[in-house]
Amino acid sequence: LKRLKIIASSDNTKGRINNLEIELEIARKTPILNIASSFLRLRRSGKNYLALCPFHQEKHPSFYIYPETNSFYCFGCGKGGDVIKFVQLAFGYSFKEAINYLIGGR
């Protein structure tokens, strides 16, 4: 990432890499477990984690977090995606607001 920042700041990039791309990469690397565990009661299920879905009412857990791919999916409501999408849905943030949250610009 440090190398990407140096490349992005040089005049020789011809617009190939910009700060938004770097921020996006940093945001995508934020572990989804760190975010979800702050407000969900997670239970280990093999390599993955299971919880009640925060996006709809349910009595039986159908919400899975996949740490290996840093993603989530709910088999009840069909919502899923990466850590950025999770923050967007969980906090009602726009795409850019979710990236700022994940890179520390809360």
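Let me begin by describing the structure that accompanies this report. (Residues numbered from 1 in each chain as written. Predicted model: local features only at pLDDT ≥ 70, side-chain atom pairs only at ≥ 80, totals over all residues. Heavy atoms only, no water.)

Brief notes about the pattern of salt bridges
Right, so step 1: With the rule as written, the count across this model stands at four salt bridges.
Right, so step 2: The salt bridge partner of Lys96 is Glu23, with a shortest N-O separation of 2.8 Å. Here Lys96, found in helix α5 (residues 95-102), pairs with Glu23, found in helix α2 (residues 19-29); they are 73 residues apart in sequence, far enough to count as distant.
Right, so step 3: Taking the relative accessible area as the measure of exposure, Lys96 reaches 37% and is therefore partly exposed.
Right, so step 4: Of the residues examined, Glu23 reaches a relative accessible area of 23% and is grouped as partly exposed.
Right, so step 5: Between Lys47 and Glu68 there is a salt bridge; the shortest N-O distance is 3.7 Å. Residue Lys47 is found in the loop between β1 (43-45) and β2 (48-51), and its partner Glu68 is found in the loop between β3 (63-66) and β4 (71-74); the two are separated by 21 residues along the sequence. We note that Lys47, like Glu68, is exposed. (Salt bridge = Lys/Arg side-chain N within 4 Å of Asp/Glu carboxyl O. Helix = DSSP H or I, 4+ residues; strand = E, 2+ residues; numbered from the N terminus. Buried < 20%, exposed > 50% of the residue type's maximum accessible area, 1.4 Å probe, protein only.)

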